[in-house]
Amino acid sequence: MDIKNNNKTESFTVTEIRDKLAKYCAYQDRCQWEVENKLHEFFIIPEARDEIIIYLIQYNFLNEERFAKSFVRGKFNQKNWGRIKIKSELKKKRVPSKMIDSALKEINADDYFSRLEELFQKKKESLKSERESFKKKAKIRNYLLQKGYESDLIQMLNSD
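Heads up: these notes are all about the structure in this document. Source: prediction; values computed, not measured. (Residues numbered from 1 in each chain as written. Predicted model: local features only at pLDDT ≥ 70, side-chain atom pairs only at ≥ 80, totals over all residues. Heavy atoms only, no water.)

**Some remarks on the overall build of the chain**
When helices and strands are counted, the chain shows 9 helices and 2 strands. Tracing the chain from N to C terminus, the helices and strands come up as β-β-α-α-α-α-α-α-α-α-α. Across its three principal directions, the C-alpha atoms of the chain cover 70 × 30 × 20 Å. Residue burial in the chain is summarised as follows: out of 160 residues, 36% are buried. The long-range fraction of contacts in the chain, counting pairs at least 24 apart against all pairs at least 6 apart in sequence, stands at 58%. About 10000 Å² of surface is accessible on the chain, with carbon and sulfur atoms providing 47% of the total. When the 34 positive and 26 negative side-chain charges of the chain are each reduced to one mean point, those points stand 6 Å apart. (Helix = DSSP H or I, 4+ residues; strand = E, 2+ residues; numbered from the N terminus. Buried < 20%, exposed > 50% of the residue type's maximum accessible area, 1.4 Å probe, protein only. Contact = heavy atoms within 4.5 Å. Areas by Shrake-Rupley, 256 points an atom, 1.4 Å probe, with all protein chains shown as cover. Lys, Arg positive; Asp, Glu negative; His and termini not counted. Charge placed at Lys NZ, Arg CZ, Asp CG, Glu CD.)

**Points about helix H4 (residues 64-79)**
The end-to-end C-alpha separation of H4 is 21 Å, in line with the 22 Å expected for 16 residues at 1.5 Å each. Where H4 is concerned, the buried positions are Glu64, Phe67, Ala68, Phe71, Val72 and Phe76. In an axial view of H4, the angular spread of the buried residues amounts to 145°, which keeps them on one side of the axis. Check the buried side of H4 and you find it contacts helix H2 (32-39), helix H5 (83-92), helix H6 (97-104) and helix H7 (109-126). In this structure asparagine 63 caps H4, since a side-chain oxygen of it lies 3.1 Å from the backbone nitrogen of glutamate 65. (Expected span 1.5 Å × (residues − 1). Arc of directions from axis to C-beta. Polar contact = N/O pair within 3.5 Å; in protein donor to acceptor, adjacent residues only side chain to side chain.)

**Here we look at the environment of aspartate 101**
Note that aspartate 101 resides in helix H6. On a C-alpha basis, the gap between aspartate 101 and glutamine 78 in space is 20 Å, while along the polypeptide they are 23 residues apart.

**Remarks on the environment of isoleucine 100**
Position of isoleucine 100 relative to the elements: it lies in helix H6. By relative accessible area, isoleucine 100 is classed as buried at 0%. Spatially, the C-alpha atom of isoleucine 100 lies 9.9 Å from that of phenylalanine 71, the residues being 29 residues apart in sequence. Discounting residues that sit within four places of it in the chain, isoleucine 100 has contacts with Lys87, Leu90, Lys91 and Val95.

**A few points about unusual backbone geometry**
Even without a glycine there, the phi angle at asparagine 60 is positive, about 60°. Examined against the element boundaries, asparagine 60 turns out to sit in the loop between helix H3 (46-58) and H4. Notably, arginine 94 is not glycine yet its phi reads approximately 60°, a positive angle. With respect to the secondary-structure elements, arginine 94 resides in the loop between H5 and H6.

What follows is the structure, encoded as structure tokens:
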């Protein structure tokens, strides 16, 4: 069975598409929603789409739990995101809430607060020239909220 790609005039068999998606998942952990979006690039019947998804799950190319945990660790360790932003981004990728909650446990509470303090101090240092205390606190608060940290934790740091 030949299947036409949306953007090109190339034809692929179901096996070729399956192999392309296996490579796509092997390169970097993916969630099911990302794989389904990638599948839409091909004109493919629903049965073939389901067969490919099942294959990817069966052979562990696609593992939503592994993806969620990897996403949480990566965004926290590399991008310094807080729990709120991480959770929001995972929801956009249609990861189930229970899986998100479980994955967020990958973040050690002490490390989380230490990272928040570190970001707070760096931002405070970068605003040394800001004379108005209220404006400085507001800028720090907005920065940390944008990073996805909880307002009550920010308030604890920003109250001095």
